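Observations on chain architecture
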Amino acid sequence: MKILSVNAGSSSLKFTLIELPNREVVASGLFEKIGLPDSKYTIKYNGEKIVKDRALEDHSVAVSILMEELVNNNIVKTLDEIEGVGHRILHGGSEFTKSMLLDEDVLKRIAKYNELGPLHNPANIMGVEAFMKVLPNVKNVGVFDTTFHQTMKETEYLYPVPYEWYTDYGIRKYGFHGTSHRYVYKTISEYLKRDDLKVISCHIGNGGSLCAIDSGKVIDTSMGFTPLAGIMMGSRSGDIDPSIIPFVMKKTGKTAEEIVNDLNKKSGLLGISGISSDSRDVENAANEGNERAILAQEMYAQKIANYIAVYNNMLNGADVITLTAGLGENSKNMRKMIIDRIKSLGVKIDDEKNDFRGEFRLISTDDSKIPVYVVPTNEELMIALDTMELISK
Ligand code: ADP
């Protein structure tokens with residue numbers, strides 16, 4: 001069966017058409033600048049690439065054009081071949097604990113969490129509505145970034161702040177990247193043929209989060225009420241002392257929103273290095289001896305190592321550490337910097353085994369106390385698998 005896996009942004013729509021159960025990517029692509037003057041789209045299939053500048057007034061127009069292109073290029077013979085559409089949804093609050101079949105009612109319930117994910121949730125919903133309009137007979141499934149983390153206990157998801165902030169305003173840790181952590185857990189537990197694994201999953205891309213998982217259940221995760229919390233990221237600060245915010249407001253005359261914007265977009269690797277949020281640029285500068293780039297990398301690695309140590313404690317000893325996403329999959333240098341900072345756990349990297357990118361591999365030595373694997377993530381596939389399961393019920 002063919003399933004479309006969709007990630008809709010406010011002015012973009014990313015899709016992957018996947019054949020299941022053999023997991024073959026039939027086509028993938030991106031519609032960009034929807035609703036803006038210079039909109040365009042790219043579709044890749046079977047070694048071919050379509051790139052067109054075309055007016056995309058809204059998401060429904062983008063979906064209609066996508067359907068046209070799929071049929072015209074014989075990627076599908078008829079649209080009936082598309083049996084389900086799975087949508088990435090950022091936020092399901094505390095209410096959604098698993099992926100869901102979507103209808104108007106469920107969409108209304110999801111919209112209640114728009115204020116918790118104002119940049120993503122309304123756009124995700126817009127994407128679903130576009131598919132409901134263009135393909136009214138095809139089932140849609142919502143796969144949330146937050147649901148996997150719903151197994152956390154109060155001791156982990158509550159902040160030590162006035163309890164009424166939680167009861168009155170929903171202030172708690174939600175966690176994100178759940179679909180990626182879930183996919184990585186599924187992959188490593190299938191590979192090792194164990195469903196009782198204790199895993200520290202490190203998703204380190206532009207955004208980044210760690211997740212402590214025991215037997216498929218999340219014990220703790222590093223992102224929080226929003227994706228700003230936790231480890232240092234490409235352009236996000238991760239955890240900082242909140243008193244910094246009013247202090248810098250007074251110094252600069254900026255509003256709280258402007259400071260939070262700086263913490264999201266001008267901090268992390270970018271803020272410290274002053275060069276880029278892209279780890280490749282920072283790595284190149286560090287290799288040329290740029291001191292702030294070196295500092296940025298050291299801080300980045302140390303924060304991740306510290307979280308690994310904490311999660312190892314929470315899991316009472318992890319069975320496996322996994323690394324995934326842009327840096328985890330591709331940067332052998334950052335992998336080494338992180339693993340070299342958890343020597344106290346008896347974890348050792350094998351430099352020869354670590355010399356590769358973009359594949360599933362073991363990178364620790366035979367005598368490493370905890371094995372470390374690189375597990376390429378695949379959120380699109382996870383979304384498609386959930387969709388297949390829900391529409392088949
Ligand atoms: P996003 O969170 O946007 O999905 P990705 O998971 O794609 O991010 O990760 C992007 C990050 O991965 C960037 O910082 C990029 O520099 C880094 N990255 C990608 N390829 C490499 C590579 N070959 N070497 C080092 N870093 C890489």
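Residues numbered from 1 in each chain as written. Predicted model: local features only at pLDDT ≥ 70, side-chain atom pairs only at ≥ 80, totals over all residues. Heavy atoms only, no water.

**Here's the deal with the overall build of the protein**
A tally of helices and strands in the protein yields 14 helices and 14 strands. In terms of overall dimensions, the protein is globule-like: its C-alpha atoms have a radius of gyration of 21 Å, near the 21 Å expected for 393 residues. Over its C-alpha atoms, taken along the principal directions, the protein stretches across nearly 60 × 55 × 45 Å. Relative to its 393 residues, the protein shows a buried fraction of 50%. (Helix = DSSP H or I, 4+ residues; strand = E, 2+ residues; numbered from the N terminus. Rg over C-alpha atoms; globule rule 2.2 N^0.38 Å. Buried < 20%, exposed > 50% of the residue type's maximum accessible area, 1.4 Å probe, protein only.)

**Regarding the nonpolar core**
Core analysis: the largest hydrophobic core is formed by 55 residues, its most contacted members being I110, I200, L210, I308 and I321. Of the residues forming this core, the biggest block, nine residues, is contributed by helix α11 (residues 291-314). Counting 29 residues, the second largest nonpolar core, distinct from the first, contains V6, I50, L56 and F131. (Core = buried A, V, L, I, M, F, W, Y, C linked by side-chain atoms within 4.5 Å.)

**Considerations on the sheet that holds strand β3 (residues 24-32)**
Reading across from one edge, β5-β4-β3-β2-β1-β6-β8-β7 is the order of the eight strands in this open sheet, with mixed pairing throughout. Both edges of this open sheet fall to β5 (48-53) and β7 (100-101), since each of them pairs with a single strand only. The sheet strands contacting helix α14 (residues 379-391) are β1 (2-8), β2 (13-19), β6 (82-89), β7 and β8 (139-144), and the helix crosses β6 at an angle near 125°. (Pairing = 2+ DSSP bridges. Contact = heavy atoms within 4.5 Å. Axes fitted to C-alpha atoms, helices over the stretch in contact; angles between N-to-C directions.)

**Focus: the side chain of S209**
The topology assignment puts S209 in strand β10 (residues 208-214). Within the local environment of S209, its side chain forms a polar contact with the side chain of H177, the two groups lying 2.9 Å apart. In this view, S209 contacts F176, H177, H181, S201, C202, H203, T221, S222, M223 and I231; residues no more than four positions away in its chain are not counted. (Polar contact = N/O pair within 3.5 Å; in protein donor to acceptor, adjacent residues only side chain to side chain.)

**A word on the site of the ligand**
Looking at the ligand, there are 13 residues lining it, with N206, D278, S279, R280 and G326 nearest. With respect to the ligand, the backbone of S279 contributes an N or O atom lying 3.0 Å from an oxygen atom. At 3.4 Å, a side-chain N or O of N330 approaches a nitrogen atom of the ligand. Expressed as a share of its isolated accessible area of 580 Å², the protein-covered part of the ligand is 69%. Looking at the shell around the ligand, the elements with two or more residues in it are α10 (279-287) and α12 (325-330). If you tally residues by element for the shell around the ligand, the top one is α12, at four residues. (Near = heavy atom within 4 Å. Areas by Shrake-Rupley, 256 points an atom, 1.4 Å probe, with all protein chains shown as cover.)

**Notes on α11**
Relative to the 34 Å expected for 24 residues at 1.5 Å per residue, α11 spans 35 Å between its end C-alpha atoms, a close match to the ideal helical length. Among the residues of α11, A293, A296, Q297, Y300, A301, I304, A305, Y307, I308, Y311 and N312 are the ones counted as buried. One side-chain oxygen at the N-terminal end of α11 lies 3.0 Å from the backbone nitrogen of R292; it belongs to N290. One or two steps after α11, the chain reaches N316, where phi turns positive at roughly 55°. (Expected span 1.5 Å × (residues − 1).)

**Examining the packing of aromatic side chains**
Geometry of an aromatic ring pair is reported as the spacing of the ring centres plus the angle between the planes. Applying the stated rule across the entire model yields eleven aromatic pairs. Consider the rings of F360 and Y373, whose centres lie 5.7 Å apart with planes at 40°: the pair is tilted. With F360 in the loop between α13 (332-339) and β13 (361-362) and Y373 in strand β14 (residues 372-374), this pair connects stretches of sequence that are 13 residues apart. Relative accessible area serves as the criterion here: at 27%, F360 is assigned to the partly exposed category. Every member of this aromatic cluster is reached through a ring pair, and the members are F15, F31 and Y41. (Phe/Tyr/Trp six-rings, centres within 6.5 Å; stacked < 30°, edge-to-face > 60°.)

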